[in-house]
Amino acid sequence: MPATLRLENKVAIVTGGGNGIGLETSLVFASEGAHVVAADINEDAAKRAVELIQQQFPDAPKAIAVKCDVSKEADIKQMVATAVETFGRLDVMFNNAGIMHPQDDNALNTEERIWDLTMNTDRSRLYSNLKGVWWGCKYAIEAMRKNPGGSKGSIINTASFVAILGAATPQLAYTASKGAVLAMTRELAVVHAREGIRINSLCPGPLETKLLMDFLDTPEKKNRRLVHVPMGRFGKAVEQAKGVLFLASDDSSFVTGTDFKVDGGICAAYVTPE
Ligand code: NAD
C-alpha cells in the first residue's frame, strides 16, 4: 500500500511557530503534506521556520511566515485572513504560543501585574496564554465554517500538565491560565462538535525547550522536577509535535474535547521508579 500523507493539501496555522513545540510542529506538518503558516511574534524566527521547511522538505507545499502577536486580536484576525487569502481555506489551527513569567510565584508573592501579563488583560498586551487562545479559536472557527466543501477543521490549544497536577514549585498565574485553556477548550469542543470542528487541548510535560530551560537554570531546579517524571527525562518538542499531528489529522476523527497528555507519565504517577 502506498504511504499517504496525513495532512495532504491541508492548511495549518501554527502560533509560536518559530521555536520549540511550534517549530517542530511546523516541520512535522510540512513533512505530512500541509501548507504551513508559521506565525510568531518574532518574525525572524517565523521566517527561519519556513526556510527550514524548504531545506528539509523541498517537496512540501508552500509555507509562509506571518508576524503575529497573539495578545493582539487584530494580529490574530489578520493571520487567519492571510492564511485563507493565500491558500483558500483553513483546516488546522494550533494555538500554541505561550509564556512562563520568571516572577510568577505563589498566591502571596505573585504580583497582579504578572498575573495580568500571563492572562492578558487590557492593561497589558504583551503576553497571552489565555485570551490569545480564545481569539485564535474564534477566528479559526469563523474560517473553518466557510471552508469549500463544508464546515470542517481541527483546533489544538496548548495547555500544560500543570493544568492537571498541582506543583509545590508554584507559578500560579501560568497554572491558572492553562487550567482555563482546558476548560475553555472542552466547552468549545462541545458547542462546535456538530459543525465538524474538533477542538482538543495538548498537555505537554516538561520539555527541553528554551522556555523551560531558561526557567530551570540550575541542576538543582532541573532535578527537583525530574524526580517526578516516570521516564526520568525531559521531553522533546518533536514528541509533542507527533501528538499534535495525531490531533490535527483525520486519524483522530472521533476525538474532541480531550485533555491530550504527552507527559512522560507524570500525570499517572504517585511514586516514580528510583
Ligand atoms: P518556546 O519559548 O520554545 O517557543 C515559544 C514561541 O512562541 C517563540 O518562538 C516565541 O517567539 C513565540 N511567542 C511568544 N509570545 C508570543 C506571542 N505573544 N505571540 C506570538 N508568538 C509568541 O516555548 P515552548 O516550550 O515551545 O512552548 C510552547 C507552548 O507550550 C507554550 O504555550 C507553553 O506554555 C507550552 N508548554 C511548554 C512546556 C515546556 O516544558 N516547554 C510544558 C508545558 C506547556
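Residues numbered from 1 in each chain as written. Predicted model: local features only at pLDDT ≥ 70, side-chain atom pairs only at ≥ 80, totals over all residues. Heavy atoms only, no water.

## Some words on the pattern of salt bridges
Line of reasoning, step 1. Under the defined criterion, the tally for this structure stands at 15 salt bridges.
Line of reasoning, step 2. The residue Lys210 makes a salt bridge to Asp214 at a minimum N-O spacing of 2.7 Å. Placement of both Lys210 and Asp214 in helix α7 (residues 210-215) is noted, with a separation of four residues, approximately one turn of the helix.
Line of reasoning, step 3. Classification of Lys210 as exposed rests on a relative accessible area of 59%.
Line of reasoning, step 4. Classification of Asp214 as partly exposed rests on a relative accessible area of 48%.
Line of reasoning, step 5. A salt bridge links Arg233 to Glu239; the shortest N-O distance between them is 2.8 Å.
Line of reasoning, step 6. Given the relative accessible area of 31%, Glu239 is considered partly exposed. (Salt bridge = Lys/Arg side-chain N within 4 Å of Asp/Glu carboxyl O. Helix = DSSP H or I, 4+ residues; strand = E, 2+ residues; numbered from the N terminus. Buried < 20%, exposed > 50% of the residue type's maximum accessible area, 1.4 Å probe, protein only.)

## Here's the deal with unusual backbone geometry
Line of reasoning, step 1. Of note in the backbone geometry, Asn9 takes a positive phi value of approximately 65 degrees without being a glycine.
Line of reasoning, step 2. In this fold, Asn9 is placed in the segment before β1 (11-15).

## Overview of the sheet that holds strand β4 (residues 92-95)
Line of reasoning, step 1. Read across the sheet, seven strands follow the order β3-β2-β1-β4-β5-β6-β7 without closing on themselves; strand pairing throughout is parallel. In the strand order of this sheet, the two ends are held by β3 (64-67) and β7 (259-262), each with one partner. Neighbour-to-neighbour, the strand axes of this sheet turn through a mean angle of 20 degrees, independent of strand direction. (Pairing = 2+ DSSP bridges. Axes fitted to C-alpha atoms, helices over the stretch in contact; angles between N-to-C directions.)

## Regarding the nonpolar core
Line of reasoning, step 1. In this structure, Ile13, Met79, Val80, Leu90, Met93 and Ile155 are the most contacted members of the largest nonpolar core, which totals 35 residues.
Line of reasoning, step 2. For this core, the elements supplying multiple residues, two or more each, are β1, β2 (35-40), β3, α3 (73-87), α5 (131-145), α6 (172-192) and β6 (197-204).
Line of reasoning, step 3. If one sorts the elements of this core by residue count, α5 sits on top with eight residues.
Line of reasoning, step 4. When near neighbours in sequence (up to four residues on either side) are disregarded, Met79 contacts Ile13, Thr15, Ala39, Val66, Cys68 and Met93.
Line of reasoning, step 5. One finds Leu7, Ala30, Val92 and Ala237 within the second-largest nonpolar core, a separate group that totals 29 residues. (Core = buried A, V, L, I, M, F, W, Y, C linked by side-chain atoms within 4.5 Å. Contact = heavy atoms within 4.5 Å.)

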